[in-house]
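Overview (structure and organization)
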Amino acid sequence: MTEPVRVRFAPSPTGKPHVGNIRTAMYDWIFARHTGGKFILRIEDTDVARKKEGALEAIMESLKWLGLDWDEGPEVGGDYGPYFQSQRLELYQKAAKKLVEKGNAYYCYCSPERLEALRKEQEARKLQTGYDRFCRNLSPQERAAKEAAGIKPVVRFKVPEQGQTRFHDLIYGDVVFENSIIDDFVMLKSDGYPTYHLASVVDDHTMKISHVIRDEGWLSSAPRHLLMYKALGYEPPLYVHHPVIVGADRAKLSKRHGAVALLDFRDMGYLPETMFNFLTLIGWSLDDKTEIMTRQQIVENFSIERMGKTGAFFNMEKLDWMNGVYIRGLTIDDLSEKLLPFLDKYLPPEVKRPLDVNYVRQIVPLIRERINTLKDAAAYAEFFFVDKLEHDASKFTDKKTNAETALTALKSAEEILSSLDSFDCDQLENTLRRLAEKLGVKAGQLFNVLRVATTARDATPPLFETMAVLGKERCMKRIKAAISRLGNNRDS
Ligand code: GLU
């Protein structure tokens, strides 16, 4: 290959991009960066009916969030623009006209009703559905009559009735399609808009695309495209079709499996570094064992040869694990900063806003081992923030500790803790161990009771660290509340 690498991501603006589409964009970007080529963003917006408000923004936001910067396309321009297909209609119309003139395409006047009836009949007779080439050989007089009747035609490609279309896919290897199973597809609609096939071929050619990387769902489009390339006299690009992402049930990853849009993963608290690493590895691997790789390592080591033909599984547990690894790789300051918006969103409304960043920084070391997503943090850390705890009286007691012992322990703890002037971990530990001895209870018993009093939970980060972060004032208030909870409980 002497031509420079130019790859394109060509989404249709139909909604928030699916992780599968974004993974295609990632392979484009990685391949471009690996080879020193160009990554182009082209918006395929000619299907007016499927266009969605905000979809273009969501596409660009997804790419930017993952750090996939494009060298040409919306916002940045480039020498091969415009990069919106809706602004390139003339190019497609010219190509369609050229093919009609060369005898490789023809005008078709069939009404939607006729096509619908044809399809139904083919289905009823269990035949392959497709256009029956009714208008392929209209005489000039017949055509003139249709035109005179004001029927606006579509342009169909004249697919050879015999022979095969073959190509070499860089992942799937040699692929052969019988031309006889390809029908005369529409290239240009009656309103002058191209179909995907025509627009894609014209643009990949005029934008000098070297490799078309896309999912295997488009594999069956490739022979149509190749037939058009040949008819137009264009050199085709190289094809790289990769498997679509599937869930554990081997079905294509869809809403049925849970979240599918990249931005939804962002909103659930997955880091871009995780998504980049995780999505790359669904379908490519360095050596079948390395899991955690930086973006730079991936770019340096990437090769199409190591992209898989099968097994593009989306493993949610692996994603959670990997996100946990990336979370724990962040500095406390960085993680705190990233957690703030999630805490702000998911902590109960009664917690005072704005949240205190310094307080969050103290909590982070205590919870970061336990969270796999940024969203998880609110549930783990809630007791650090709420003003009033709901103490469950039954949590204070267990096999060894009855309510009486718990109450006595709490009262003594209250007294001794209120005399401390600061709550640091060592001091708390020494003081409370001595207290346990004095009370003649096991240290663990006392600590459990205090854990429940200060957090209302029986499982928390280490007690003394937790109490130190909560601070004396909060702890004393909570211990008092626990005493009255237990006292009332006993009286009732
Ligand atoms: N617009 C198509 C899509 O939405 C592009 C397919 C291709 O890459 O050729 O995925």
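All right, on to the overall build of the chain then. Per the secondary structure count, the chain includes 19 helices and 9 strands. Taking 492 residues into account, the globule formula puts the C-alpha radius of gyration at 23 Å, and the chain, at 33 Å, lies well above it. The dimensions of the chain, computed from C-alpha atoms along their principal axes, are 110 × 50 × 40 Å. Expressed as a percentage of its 492 residues, the buried residues of the chain come to 48%.

This paragraph deals with helix H18 (residues 463–470). Across the 8 residues that make up H18, a large majority, 6, are buried. All of the buried residues along H18 are Leu463, Phe464, Thr466, Met467, Val469 and Leu470. One or two positions beyond H18, positive phi appears at Gly471, with a value near 90 degrees.

Another aspect to go through is the pattern of salt bridges. Applying the stated rule across the entire model yields 32 salt bridges. Arg136 is the salt-bridge partner of Asp184, the closest N and O atoms lying 2.9 Å from each other. Taken as a pair, Asp184 in the loop between strand S6 (173–178) and strand S7 (186–188) and Arg136 in the loop between helix H4 (112–124) and helix H5 (140–148) lie far apart in primary sequence, 48 residues in all. On the accessibility criterion, Asp184 (0% relative accessible area) is buried.

Time to look at the sheet that holds strand S3 (residues 105–108). Taken in spatial order, the 3 strands line up as S3-S4-S7 in an open sheet, and their pairing is antiparallel. If you trace the sheet from one side to the other, it starts and ends with S3 and S7, each paired once. The average undirected angle you get between the axes of adjacent strands in this sheet is 45 degrees. With 4 bridges connecting them, S3 and strand S4 (residues 154–157) associate as antiparallel partners. Note on S4: the bridge partner recorded for Cys108 is Val154.

Looking now at the site of the ligand. Residues in close proximity to the ligand include Arg8, Ala10, Ser12, Glu44, Tyr196, Arg214 and Trp218, which together make up its full environment. A distance of 2.7 Å is found between an oxygen atom of the ligand and a side-chain nitrogen or oxygen belonging to Arg8. One of the backbone nitrogen or oxygen atoms of Ala10 is found 2.8 Å away from a nitrogen atom of the ligand. Applying the majority rule of atoms within 2 Å of the grid points places the ligand in the largest pocket. Taken together, the residues that form the shell around the ligand break down as 3 nonpolar, 1 polar and 3 charged.

So, on to the pairing of strand S2 (residues 38–41). In this structure, strand S1 (residues 6–9) lies alongside S2, joined through 4 bridges in parallel fashion. Residue Arg8 lies in a different strand from S2, and its bridge partner there is Ile40. Regarding the hand of the β-α-β motif, the stretch spanning S1, helix H1 (residues 19–35) and S2 is right-handed.

One pass over the structure, following the stated rule, counts 13 aromatic pairs. Between the aromatic rings of Phe278 and Phe314, the centroid separation amounts to 5.0 Å while the plane-to-plane angle is 85 degrees, which identifies the pairing as edge-to-face. Note that Phe278 is positioned in helix H9 (residues 272–281) and Phe314 in the loop between helix H10 (295–301) and helix H11 (316–328), a separation of 36 residues in sequence. Classification of Phe278 as buried rests on a relative accessible area of 2%. Aromatic ring contacts, followed pair by pair, group Phe265, Tyr270, Phe278 and Phe314 into a single cluster. Note that Arg6 overlies the ring of Tyr80, its terminal NZ or CZ placed 4.2 Å from the centroid.

With that out of the way, let us pick up the side chain of Thr165. Relative to the helices and strands, Thr165 is located in strand S5 (residues 164–169). The class of Thr165 is buried, set by a relative accessible area of 7%. In terms of polar contacts, Thr165 uses its side chain to reach the side chain of Asn179, at 2.6 Å. Not counting residues within four places of it along the chain, the set of residues in contact with Thr165 comprises Val175, Val176, Phe177, Asn179, Pro223, Leu226 and Leu227.

Here we come to a nonpolar patch on the surface. A grouping of Ile292, Trp321 and Val325 is seen on the molecular surface, where their side chains present a nonpolar patch of about 240 Å² in accessible area. On the basis of relative accessible area, Trp321 is assigned to the partly exposed category, the value being 41%.

What follows is about the layout of surface pockets. In this model, the largest pocket occupies a volume close to 660 Å³. The wall of the largest pocket is formed by 26 residues, among which Ala10, Pro11, Ser12, Asn21 and Trp218 lie closest to the centre. Of all the secondary-structure elements, those providing two or more residues to the lining of the largest pocket are S1, H1 and strand S8 (211–215). Across the lining of the largest pocket, the residue classes tally to 9 nonpolar, 9 polar and 8 charged.

Here we take up the environment of Lys477. One can find Lys477 in helix H19 (residues 472–491). Looking at Lys477, the relative accessible area reads 49%, which means it is partly exposed. Sequence spacing of Lys477 and Thr454 is 23 residues, and the spatial spacing of their C-alpha atoms is 8.6 Å.

Turning our attention to the packing of helix H13 (residues 357–367) against H18. Between two packed helices, both the angle of their axes relative to each other and the distance between the axes serve to describe the pair. In contact at an axis separation of 10 Å, H13 and H18 are set at 175 degrees when each is read in the N-to-C sense. When the axes of H13 and H18 are compared, the pair comes out roughly antiparallel. The residues of H18 that touch H13, namely those facing Tyr359, Gln362, Ile363 and Leu366, are Glu465, Thr466, Val469 and Leu470. By residue class, the composition of the contact of H13 with H18 is 5 nonpolar, 2 polar and 1 charged.

Here the focus is unusual backbone geometry. At the junction of Gly81 and Pro82, the peptide bond is cis and its omega measures out at -5 degrees in the coordinates. The linkage connecting Arg353 with the following residue, Pro354, adopts the cis geometry, with an omega of -5 degrees. Despite not being glycine, Lys126 has its phi angle at roughly 55 degrees, a positive value. Within the secondary structure layout, Lys126 lies in the loop between H4 and H5. A residue is classified by how much of its surface remains accessible, and Lys126, at 76% relative accessible area, is exposed. If you check the backbone angles, Lys208 has positive phi at about 55 degrees while not being a glycine. Among the structural elements, Lys208 can be located in the loop between helix H6 (196–206) and S8.

Reading guide: rules and limits
- Residues numbered from 1 in each chain as written.
- Predicted model: local features only at pLDDT ≥ 70, side-chain atom pairs only at ≥ 80, totals over all residues.
- Heavy atoms only, no water.
- Helix = DSSP H or I, 4+ residues; strand = E, 2+ residues; numbered from the N terminus.
- Rg over C-alpha atoms; globule rule 2.2 N^0.38 Å.
- Buried < 20%, exposed > 50% of the residue type's maximum accessible area, 1.4 Å probe, protein only.
- Salt bridge = Lys/Arg side-chain N within 4 Å of Asp/Glu carboxyl O.
- Pairing = 2+ DSSP bridges.
- Axes fitted to C-alpha atoms, helices over the stretch in contact; angles between N-to-C directions.
- Near = heavy atom within 4 Å.
- Polar contact = N/O pair within 3.5 Å; in protein donor to acceptor, adjacent residues only side chain to side chain.
- 1 Å grid on protein atoms, 1.4 Å probe; cavity = no way out; pocket = protein on both sides within 12 Å on 5 of 7 lines; lining within 4 Å.
- Sits in = over half its atoms within 2 Å of the grid points.
- Nonpolar A, V, L, I, M, F, W, Y, C, P; charged D, E, K, R; others polar.
- Right-handed = clockwise from strand over helix to strand, strands pointing away.
- Phe/Tyr/Trp six-rings, centres within 6.5 Å; stacked < 30°, edge-to-face > 60°.
- Lys NZ or Arg CZ within 6 Å of the ring centre and 35° of its normal.
- Contact = heavy atoms within 4.5 Å.
- Patch = residues over 30% accessible without salt bridge, like charges linked within 9 Å, V, L, I, M, F, W, Y side chains within 5 Å.
- Areas by Shrake-Rupley, 256 points an atom, 1.4 Å probe, with all protein chains shown as cover.
- Points joined across faces, edges and corners; volume = space filled by probe spheres on them.
- Parallel < 35°, antiparallel > 145°, perpendicular 65-115°, else oblique.

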